[in-house]
Amino acid sequence: MAPNTPRNGTEASCPKVILLDIEGTTTSISFVKDVLFPFARKELETFLSKNWDDPSVQSTIDIIQKQSEDDTKQGLLESEIPSGLNKDVVLPELLKNLYWQMDNDRKTTGLKALQGKIWKSGFEEGLLKGQVYEDVPPAFQRWKESGKDIYIYSSGSVEAQILLFKYSEVGDLTKHLSGYFDTTTGPKIEASSYKIISEKIGVPPNTIMFCTDVSKEAYAAKEAGLQVVVSIRPGNAPLTEQELTDFPNVTNFNSL
Ligand SMILES: [Mg+2]
């Protein structure tokens, strides 16, 4: 079964490169929301306690402490986190700050870096497994066998992307993947990002097929000249009639 062809479109030529979004495309949106974030919250105290003296953890704590100074100056916080290495003094205040940040869904550099470290240790210790839809591993296999290269473009950091696929529930999937892009390449809703990706991979835009669940990303990739297919998975935001007219869509990778 071929993907649904847009009513006003023509069948695209066979792509050489498959470029995939993660959330809502290879992996359910709820994995990030219901598994990754709660894991970081649950492990926060244990992780900080255990890794307190690790220089890289201390440098992240420094960033969080400096952020709390700014937040205090701006009146968002009553007081900043005390600085220094004294765990008994700093840790309780640090935890209080981090729970406050998470409750308010703040996306600060320090919090994101710390969550990344907790996920990394969770994956490496086997406490976390990356989830992908069941049609994803056979599709990876099939695409590789037919000579296509597979790349990832996600707003999660490249490091986090690799962890998800390396420590997946069905084993190491990174062997199928040729490379990873995150927002350091550019925003996912801008055509220029897809042009850069095509240059970095070294193939013309029209030989790349991008699959995503987000229509703004789909339009940006189309503007850059990529072939685009939209992903319809359980829990994704519904697409409008217009969006469904503008792009072929798939509910899994079996037909891609
Ligand atoms: Mg997505």
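Residues numbered from 1 in each chain as written. Predicted model: local features only at pLDDT ≥ 70, side-chain atom pairs only at ≥ 80, totals over all residues. Heavy atoms only, no water.

Visitor: How should I be thinking about the pattern of salt bridges in this particular structure?
Guide: Where charged atoms of side chains with opposite charge meet at close range, the side chains can pair. One pass over the full model with this rule turns up 12 salt bridges. With a shortest N-O distance of 3.7 Å, Glu-125 and Lys-50 are connected by a salt bridge. With Glu-125 in the loop between α4 (109-124) and α5 (136-145) and Lys-50 in helix α1 (residues 29-50), this pair connects stretches of sequence that are 75 residues apart. Overall, the relative accessible area of 58% leaves Lys-50 in the exposed class. Among the ionic pairs, Asp-71 bridges to Arg-106, the shortest N-O distance being 2.5 Å. You can see Asp-71 sitting in helix α2 (residues 55-73) and its partner Arg-106 sitting in the loop between α3 (87-103) and α4, a full 35 residues away along the chain. We classify Asp-71 as buried; its relative accessible area is 3%. Salt bridges linked by common partners bring Asp-21, Lys-188 and Glu-217 together as one network. (Salt bridge = Lys/Arg side-chain N within 4 Å of Asp/Glu carboxyl O. Helix = DSSP H or I, 4+ residues; strand = E, 2+ residues; numbered from the N terminus. Buried < 20%, exposed > 50% of the residue type's maximum accessible area, 1.4 Å probe, protein only.)

Visitor: Even after reading the chapter, I still don't get the layout of surface pockets, so can you show me in this structure?
Guide: Where empty space is left becomes clear once a probe the size of a water molecule has been rolled over the atoms. Space inside the largest pocket adds up to approximately 1000 Å³. As for the largest pocket, its lining consists of 33 residues, of which Phe-37, Lys-112, Trp-119, Gly-156 and Ser-157 are closest to the centre. Elements with a minimum of two residues in the lining of the largest pocket: α1, α3, α4 and α6 (158-166). Examining the composition of the lining of the largest pocket, we find that eight residues originate from one element, α4, more than from any other. Tallied by class, the residues present in the lining of the largest pocket amount to 12 nonpolar, 10 polar and 11 charged. The residue makeup of the lining of the largest pocket includes at least three contributed by each of domain 1 (17-27 + 130-250) and domain 2 (33-124). (1 Å grid on protein atoms, 1.4 Å probe; cavity = no way out; pocket = protein on both sides within 12 Å on 5 of 7 lines; lining within 4 Å. Points joined across faces, edges and corners; volume = space filled by probe spheres on them. Nonpolar A, V, L, I, M, F, W, Y, C, P; charged D, E, K, R; others polar. Domains from an automatic or database assignment.)

Nothing here speaks to function; it is all geometry.
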